[in-house]
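# Notes for the structure review
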Protein chains: 2
Amino acid sequence: MTTRTTVPDASQRALSTAAVRCLSLDNINSNVKAAKYAVRGELAVKAEEYRVKLAQGDKSLPFDSVIFANIGNPQQLDQKPITFFRQVLSLLENPQLLNNKDVLCTHFGYQDDVIKRAEKLLAEVQSVGAYSHSQGAPLIRESVAKFIEERDGFPADPQSLYLTGGASSGVSTLLNVICNGPNAGVLVPIPQYPLYTATLSLLDAQCVPYHLEEQKAWGTDVDTIKKSLEQAKAAGTDVRAIVVINPGNPTGASLSPADIKSVLDIAAEEKLVVIADEVYQTNVFIGEFTSFKKRLRELQQEVSGKYDNVELVSLHSISKGMVGECGHRGGYFELVGFDPLVAAQVYKFISIMLCPPVIGQCLVELMVNPPKEGEPSYELYQKEYNGIREGLRQRAFALYEAFQKMEGVECQEPQGAMYLFPTITLPPKAIEAAAAENRAADEFYCLALLDATGVCVVPGSGFGQKENTLHFRTTFLAPGTDWVERIVKFHSEFMAKYK
Amino acid sequence: MTTRTTVPDASQRALSTAAVRCLSLDNINSNVKAAKYAVRGELAVKAEEYRVKLAQGDKSLPFDSVIFANIGNPQQLDQKPITFFRQVLSLLENPQLLNNKDVLCTHFGYQDDVIKRAEKLLAEVQSVGAYSHSQGAPLIRESVAKFIEERDGFPADPQSLYLTGGASSGVSTLLNVICNGPNAGVLVPIPQYPLYTATLSLLDAQCVPYHLEEQKAWGTDVDTIKKSLEQAKAAGTDVRAIVVINPGNPTGASLSPADIKSVLDIAAEEKLVVIADEVYQTNVFIGEFTSFKKRLRELQQEVSGKYDNVELVSLHSISKGMVGECGHRGGYFELVGFDPLVAAQVYKFISIMLCPPVIGQCLVELMVNPPKEGEPSYELYQKEYNGIREGLRQRAFALYEAFQKMEGVECQEPQGAMYLFPTITLPPKAIEAAAAENRAADEFYCLALLDATGVCVVPGSGFGQKENTLHFRTTFLAPGTDWVERIVKFHSEFMAKYK
């Protein structure tokens, strides 16, 4: 008994520790605890620590720079912002610059269309420091509607557009409205961008995974989707929506109009909301991007009745494409075929957070309404845009070719987005070594890569992958070939070590 | 029987309508449906419709402008942004301007400290178009820590600071982590800013209301809090946190150090997390702002043990004060006394949304680290800052004096924030007329005010109020006295009509 009083046992100790504060790991929201988001997880944190060490002059690391290939963050690496966009934004931030337009033109190369655009946007928002309409400034939504109409050949309604702080907050809004309890399920492609699984965890809703077909360039297979859906329904899940990321993240796959039709078929037959994450719509190297909205409108024209009530939401962003302005947090989504009463609830939900960043909204306007042929800023805009596009294509293929040469690495040809997602086949000894450290084998590999080279990628397990397969996701945004060579060298040493 | 087949009854009709789409008002997330947010509700939507009508040249309305006194949106009304802030931001948006510093100085009045600050921030964030650390750029968090230290006389740790997209997203983060199920409760002052009740609704957690004392200048009463707490506990609620808005929204009340201590006492005794919403910390007309953090650190020094484990989170924002940059969506919160494992979950939660807007982060840096005495931009900054401050004070008291003269209107003397929250006593006939329209009486009054004058305020029922009392909240941001006279005239006509 005496011993007990002086040395409390483990459970007593845990209790007394927990009792000191209100909050402990054991009693916070378990949904938050359950959520996983590997893109900014352990590896990213370690990479940041290495970066700080190097910046502080530490010479003990076996590399002299950290390469953040874990996240699509173009302007952190090499991508320059587009001049027209930033010139306009500078005027929005300091309208006093407009008091001396001649000087802007002669000394800083601001063209007339830059000034006019800034004046137009300022007339609309009054000040970028003022809250806007919760759905976004009306004029900006009109520009987005015009853009969608020109892209698809079908009209869009500014009232159905919702500007957002990046696509992520849009996805969060939609899943919040759609998921009505622990029984609600959403079909999510595997591998996927983990925003989807994380948000479903936060909402305590069901992720219903459907696997993409790696051997068919990560395409979408109808039978696979149907099988997952049936299994979930049999287990009592109320499947309400299907997420499609097109072009794919992490896969880079770009869907054909036929693929899109088959998803819309399932949606129409099974009454599923289609969540089309189309943030990489301009990052397409092979073929042409077709939007879900366009395909849906075509089908509604071609086939009477079947597609009339399909509920579709399509998301876009300023973070990706040739814009790459992730730090500005801008984007939008369009609701198609939604019950107006449901749309009113979406409005109320977003109004609680007041409005998306107004400068980000303005950048959405500039993205969807860039300088046109014949306008003074057009030539430079076009040159910059094409330069970024071509650079991304070249880097994608350079990386792809390096992967082709690596033992045990297989990679689909780059089609779009900002990522490659190679399969890696590791020797049994490496898998044993990972298990000994209680780690997934791909995580073990990626950590070893970071420690040896300073290159930070994300293990496939962070996105989901078929059982007994291993992958990692890397962006192809980093400039130069040095970092690719670091990966090649590391990989051959790693394979030799565990042979 | 025949009739039944051709005219389906209501339940059949509802079924067949619902069956057309996946989502209907009856099957979306019921927590979203339950959430209420009056600040941007029916009245605000109607006001916006009137604004559009007037802009389109409609002459049928009995007023020629809409006054948005429903929301603290300074730059929508009259407040000019602070020059130093916006000059720096213009350079962050377009660093190419830095290629010709002389011209910036001679033609646009950019001082040396503007340029240096922009260069310093750019060196840190690389590009405002790049994602930052999810907690915010390290250098900016260091500036915030320094600001807190200078304000309070106690150190702050940059690792415990989290930059946010406005205080709203910070509150959402915290309540998401704290609320662990339908049984979790949070003490919320009534009246309150409805972000709190709305977010608790979304999380399906309990709002445990405690009434503020209108007759004691909307002060915080310990006994009232304890009574609410005991009632909630008796009903089985697990009360985990207490929200304090200081200075108050909608009340404008500014808490004394003694009031703050009594809240901290309850927190220490009952192990409650204190959520101190201090976004109006510079909007104080009477007395001086004391932060919860400062008072907590003082008590920790003075009294051994009792306060050591108090968990406090304090929120601040660029939207209010003399900054008024709501459209930029910036703010921060500081965690004090939190379990590091819980803080890690807060980090993971925010990392899912990647990072707050980087330009908003930079504005936080400028707010907490404005030009100092002796620096070239100091004089203008000080002049602008004091001008805004004095303008707000004058407007607050002009409105207060108008309310003093109105029959059936009582108002506490302005102390802080951006709002007045007068009591209105309406004639029984007005209350009957409201009931006939199925409306709360204060809502009925505010709608009539909007329809007659174009002035948009928010009914007290949107914030909560004691039973059988009626209020409305109005900002005192709108310039001039014309709109105040509109209210006075409307009120006397309304009172006469329903006498």
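Cut-offs and rules
- Residues numbered from 1 in each chain as written.
- Chains lettered and ligands numbered in written order.
- Predicted model: local features only at pLDDT ≥ 70, side-chain atom pairs only at ≥ 80, totals over all residues.
- Heavy atoms only, no water.
- UniProt positions renumbered as here; feature names shortened; annotations may be inferred.
- Contact = heavy atoms within 4.5 Å.
- Buried area = accessible area lost by both parts, 1.4 Å probe.
- Salt bridge = Lys/Arg side-chain N within 4 Å of Asp/Glu carboxyl O.
- Polar contact = N/O pair within 3.5 Å; in protein donor to acceptor, adjacent residues only side chain to side chain.
- Nonpolar A, V, L, I, M, F, W, Y, C, P; charged D, E, K, R; others polar.
- Domains from an automatic or database assignment.
- Helix = DSSP H or I, 4+ residues; strand = E, 2+ residues; numbered from the N terminus.
- Phe/Tyr/Trp six-rings, centres within 6.5 Å; stacked < 30°, edge-to-face > 60°.
- Buried < 20%, exposed > 50% of the residue type's maximum accessible area, 1.4 Å probe, protein only.
- Lys NZ or Arg CZ within 6 Å of the ring centre and 35° of its normal.
- Axes fitted to C-alpha atoms, helices over the stretch in contact; angles between N-to-C directions.
- Parallel < 35°, antiparallel > 145°, perpendicular 65-115°, else oblique.
- Lys, Arg positive; Asp, Glu negative; His and termini not counted.
- pLDDT = per-residue confidence, 0-100.

By the naming in an unreviewed UniProt entry, chain A goes by Glutamate pyruvate transaminase and is assigned to Aspergillus mulundensis. According to the UniProt record, the Subunit (unreviewed entry) comment for chain A is "Homodimer." Under the UniProt heading Cofactor (unreviewed entry), the note attached to chain A is "pyridoxal 5'-phosphate".

This part is about the interface of chain A and chain B. If you look at the interface, chain A gives 93 residues, while chain B gives 93 residues. Both sides together, the interface formed by chain A and chain B hides about 8,100 Å², and carbon and sulfur atoms give 59% of it. Counting across the interface, chain A meets chain B through 2 salt bridges. Seen at the junction of chain A and chain B, the total is 46 residue pairs in polar contact (both at pLDDT 80 or more). Tallied by class, residues from the side of chain A that touches chain B come to 46 nonpolar, 33 polar and 14 charged.

All names here are of chain A. In terms of domains, chain A is made up of domain 1 (33-66 + 383-498) and domain 2 (128-368). Here domain 1 and domain 2 have C-alpha centroids that lie 28 Å from each other. Facing the 31 residues of domain 1 at the interface are 33 residues of domain 2. Overall, the association of domain 1 and domain 2 removes approximately 2,700 Å² of surface from exposure, summing both partners, and the carbon and sulfur fraction of that is 59%. Joining domain 1 to domain 2, the criterion identifies 0 salt bridges. Sort the elements by how many residues they give to the side of domain 1 that touches domain 2 and helix α17 (residues 378-404) lands first, with 6 residues.

Okay, the UniProt feature "domain: Aminotransferase class I/classII large" (unreviewed entry) in chain A next. The UniProt feature table records "domain: Aminotransferase class I/classII large" (unreviewed entry) at residues 113-481 of chain A. From the first C-alpha to the last, residues 113-481 of chain A spans 38 Å; its make-up is 43% helix and 15% strand.

Another point: the packing of aromatic side chains. In this structure the tally under the stated criterion is 40 aromatic pairs over all chains. When the centroid spacing of 5.4 Å and the interplanar angle of 70° are considered together, the rings of Y50 of chain B and F63 of chain B count as edge-to-face. Within this pair, whereas Y50 of chain B is found in helix α4 (residues 42-55), its partner F63 of chain B is found in the loop between α4 and β1 (67-68), the two being separated by 13 residues in sequence. Exposure class is identical for Y50 of chain B and F63 of chain B. Each is buried. Ring centres of Y280 of chain B and Y419 of chain B lie 5.6 Å apart, and the angle between their planes is 80°; on these two criteria the pair is classed as edge-to-face. Of this pair, Y280 of chain B sits in the loop between β6 (273-277) and α14 (292-302) while Y419 of chain B sits in strand β10 (residues 419-420); the two residues are 139 residues apart in sequence, bridging distant segments of the chain. Comparing Y280 of chain B with Y419 of chain B shows no difference in burial state: the two are buried. One aromatic cluster is present, formed by F403, F444, Y445, F472, F490, F494 and Y498 of chain A through successive ring pairs. When the ring centre of Y419 of chain A is taken as reference, the NZ or CZ atom of R473 of chain A above it lies at 3.9 Å.

Geometry of a packed helix pair, given as the angle between the helix axes and the separation of the axes. Residues and elements named next belong to chain B. Two elements in contact, α4 and helix α19 (residues 441-453), have axes separated by 11 Å at closest approach and are oriented at 5°. Between α4 and α19, the angle falls in the class roughly parallel. Contacts from E42, L43, K46, A47 and Y50 in α4 reach E443, C446, L447, L450 and D451 in α19. Here the contact of α4 with α19 is built from residues that sort into 6 nonpolar, no polar and 4 charged.

Let us now look at helix α6 (residues 83-93) of chain A. Judged by how many residues are buried, α6 of chain A sits mostly within the fold: 11 of 11 residues are covered. Turning to α6 of chain A, its buried residues are T83, F84, F85, R86, Q87, V88, L89, S90, L91, L92 and E93 of chain A.

Here the focus is the pattern of salt bridges. Within this structure, the stated rule accounts for 47 salt bridges over all chains. The residue R439 of chain A makes a salt bridge to E443 of chain A at a minimum N-O spacing of 2.7 Å. What makes R439 of chain A partly exposed here is its relative accessible area of 21%. With a relative accessible area of 23%, E443 of chain A lands in the partly exposed category. In this structure, E298 of chain B engages R295 of chain B in a salt bridge whose closest nitrogen and oxygen atoms are separated by 2.6 Å.

Our next topic: the environment of R297 of chain A. Residues and elements named next belong to chain A. Among the secondary structure elements, R297 is positioned in helix α14 (residues 292-302). For the pair R297 and V336, spaced 39 residues apart in sequence, the C-alpha separation works out to 10.0 Å. A polar atom in the side chain of R297 sits 2.9 Å from the side chain of Q300.

A separate point is the side chain of E213 of chain B. Residue and element names in this part refer to chain B. Within the element layout of this structure, E213 appears in the loop between β4 (206-211) and α12 (222-234). Among buried charged residues, E213 stands out as having no salt bridge; its nearest opposite-charge side chain is K466, 4.3 Å away. At 3.3 Å, the side chain of E213 forms a polar contact with the side chain of T224. When residues no more than four places from it in sequence are discounted, the contact partners of E213 are W218, G219, D221, T224 and K466.

Let's shift gears to the confidence of the model for chain A. For chain A, the average pLDDT comes to 93, and 96% of its residues sit at 70 or higher. For this predicted complex, the interface score ipTM comes out at 0.94, while the overall pTM is 0.94.

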